[in-house]
Amino acid sequence: MRPVILAIESSCDETSAALIKDGKILNNIIATQSVHENYGGVVPELASRAHQQNIVPVVENALREAKVGKEELDAVAFTQGPGLLGALLVGSSFAKSLAQGLGVPLIAVNHMQAHILAHFIEEPRPAFPFLCLTVSGGHTQIVLVRDFLDMEILGETQDDAVGEAFDKTAKILGLPYPGGPLIDKYAKQGNHLRFEFPKTEMQGLNYSFSGIKTAFLYFIRDMTKKDPDFVQNNLSDICASMQYTLINMLLQKLKKASRQTGIRQIAIAGGVSANSGLREELQKQSKKMNWEVFIPRFEYCTDNAAMVAMNAHYKYLAGEFCDLGVSPQPALKLMDN
Ligand code: KG4
Ligand code: ZN
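Residues numbered from 1 in each chain as written. Chains lettered and ligands numbered in written order. Predicted model: local features only at pLDDT ≥ 70, side-chain atom pairs only at ≥ 80, totals over all residues. Heavy atoms only, no water.

A.B. asks: Describe the overall build of the protein chain, listing the residues and the values that go with them.
C.D. replies: Each helix and strand counted, the protein chain has nine helices and 10 strands in total. Relative to a compact globule of 337 residues, whose C-alpha radius of gyration would be 20 Å, the protein chain shows 20 Å and is just as compact. Taken over the C-alpha atoms alone, the protein chain extends approximately 65 × 45 × 30 Å along its principal axes. Total accessible area on the protein chain is roughly 14,500 Å²; 49% of this is exposed by carbon and sulfur atoms. Separation between the mean location of the 32 positive side-chain charges and that of the 36 negative ones in the protein chain comes to 4 Å. (Helix = DSSP H or I, 4+ residues; strand = E, 2+ residues; numbered from the N terminus. Rg over C-alpha atoms; globule rule 2.2 N^0.38 Å. Areas by Shrake-Rupley, 256 points an atom, 1.4 Å probe, with all protein chains shown as cover. Lys, Arg positive; Asp, Glu negative; His and termini not counted. Charge placed at Lys NZ, Arg CZ, Asp CG, Glu CD.)

Next comes the structure, spelled out in structure tokens:
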């Protein structure tokens, strides 16, 4: 059965390797870097070093666990971008040398496309065309997905990504990085109507999250001036209210995109799609809007090589290979490789 592909993901703070055989994911090994916890965000140089340490054991683990020998590989795939240059360099250099050593083709994968193709790892799979809200630490996009490798951005953030808004909120509250999962956790026990934050309205299907981040910073600063224990005593309500506002902003444009295109197959992808509030709200809206909603398993929402492998599978079938001179692209656009 063909093709057998090894895929490597190293765009940010997860070193991951996965094997795919004839379109079926065999495994998905992920080494998460905890070294960034105390910095409020990913420190690029620390990320590169951790990738260098992790890449050999992670790839060896993936091959061993799947009982696949290197000589069985038909191609090696890697994340070309977008992402951190140093982090991407580790994955791309490794993939290039392995492909060259084995004499097999090399496949460069776009990280944002890969997040969307995570929907084809398991059933139920969306039918084309569908809309995908891709929400990660670096991106917030509404994408029209016409085919596996044919996508168009209908709207996107003009400044911060929604994941960044989650992480900055957490940082302001004194919580460690990545803050998204913690905001999610505390929000579950809180009252989402307790505090109100100003939403920025953008034209068309675009987003902006920098205004709400600044408003939140001033709100916390003012409240703690009056009561130094304000955050500590109201953490759940603060998290619930902020999360509710961010989700509302996301959903408002997604609904608009669905109305404009007439498409009711709606998917979410990327790290923030792991958010339980967003997942619940999407299910609620599916009834109101008559949507068929697609939400990946948690493991396939945040960065992972299985989604890269899925993307590589379709590129292999389409004959989209790259040469060994290919370089990482930190600011790669959705359809640019
Ligand atoms: O897709 P991803 O793993 O990496 C990028 O490509 O950026 O996304 C990471 C982002 C971070 O901002 C993280 O805080 C956020 O996803 N995230 C969450 C949750 N889990 C991860 N945000 C909100 N709620 C969550 N449960
Ligand atoms: Zn990602």
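A.B. asks: Tell me about the side chain of Gln 33, residues and numbers included.
C.D. replies: Of note, Gln 33 is situated in the loop between β3 (24-32) and α1 (44-66). For Gln 33, the side chain forms a polar contact with the side chain of His 36, separated by 2.8 Å. The contacts of Gln 33, once residues within four sequence positions are left out, are Cys 12, Asp 13, Thr 15, Leu 46, Ala 47, Ala 50, His 51 and Asn 54. (Polar contact = N/O pair within 3.5 Å; in protein donor to acceptor, adjacent residues only side chain to side chain. Contact = heavy atoms within 4.5 Å.)

A.B. asks: Go over the nonpolar core with me, naming the residues and quoting the values.
C.D. replies: The biggest cluster of nonpolar side chains holds 45 residues, and the ones touching the most others in it are Leu 173, Phe 209 and Leu 250. Among the elements of the structure, β6 (130-135), β7 (140-147), α4 (162-172), α5 (180-187), α6 (210-226), α7 (230-261), β9 (265-269) and α8 (276-289) are those that each provide at least two residues to this core. Examining the composition of this core, we find that 14 residues originate from one element, α7, more than from any other. Leave out the neighbours within four places in its chain, and Leu 173 touches Ile 183, Phe 216, Ile 220, Val 231, Leu 235, Ile 238 and Cys 239. Ranked by size, the runner-up nonpolar core spans 35 residues in total, among them Ile 25, Ile 107, Phe 120 and Ala 269. (Core = buried A, V, L, I, M, F, W, Y, C linked by side-chain atoms within 4.5 Å. Buried < 20%, exposed > 50% of the residue type's maximum accessible area, 1.4 Å probe, protein only.)

A.B. asks: Could you give me a rundown of the sheet that holds β3, with the residues and numbers involved?
C.D. replies: Sheet architecture is open: five strands sit in the order β3-β2-β1-β4-β5, paired in mixed fashion. A single partner strand is all that each edge strand has here, and the edge strands are β3 and β5 (106-110). Ignoring strand direction, the axes of neighbouring strands in this sheet form an average angle of 20°. Here strand β2 (residues 14-21) pairs with β3 via eight bridges, running antiparallel. If you follow Glu 14 over to β3, its bridge partner there is Thr 32. (Pairing = 2+ DSSP bridges. Axes fitted to C-alpha atoms, helices over the stretch in contact; angles between N-to-C directions.)

A.B. asks: Describe the domain arrangement of the protein chain, listing the residues and the values that go with them.
C.D. replies: Here the protein chain is partitioned into domain 1 (4-116 + 302-317) and domain 2 (126-295). Averaged C-alpha coordinates put domain 1 and domain 2 at centres separated by 27 Å. On the domain 2 side, the residues contacting the 16 residues of domain 1 number 17 residues. Taking both sides of the interface into account, the surface hidden between domain 1 and domain 2 amounts to around 1,400 Å²; carbon and sulfur atoms contribute 75%. Of all residues in domain 1, Met 112, Ile 116 and Tyr 314 bury the most surface against domain 2, accounting for 42% of the area lost on that side. (Domains from an automatic or database assignment. Buried area = accessible area lost by both parts, 1.4 Å probe.)

A.B. asks: Help me get a handle on the layout of surface pockets, residues and values and all.
C.D. replies: The computed volume of the largest pocket comes to approximately 1,000 Å³. In terms of lining residues, the largest pocket is bounded by 43 residues, among which Cys 12, Ser 136, Gly 137, Asp 167 and Tyr 177 are the most central. Looking at the lining of the largest pocket, the elements with two or more residues in it are α3 (111-117), α4 and α5. Here the lining of the largest pocket takes six residues from α4, the largest share from any one element. Of the residues that constitute the lining of the largest pocket, the class distribution is 14 nonpolar, 19 polar and 10 charged. There are two domains that each give the lining of the largest pocket at least three residues, and those are domain 1 (4-116 + 302-317) and domain 2 (126-295). There is about 330 Å³ of room inside the second largest pocket. Taken together, 15 residues make up the lining of the second largest pocket; nearest its centre are His 192, Gln 243, Tyr 244, Gly 277 and Glu 280. (1 Å grid on protein atoms, 1.4 Å probe; cavity = no way out; pocket = protein on both sides within 12 Å on 5 of 7 lines; lining within 4 Å. Points joined across faces, edges and corners; volume = space filled by probe spheres on them. Nonpolar A, V, L, I, M, F, W, Y, C, P; charged D, E, K, R; others polar.)

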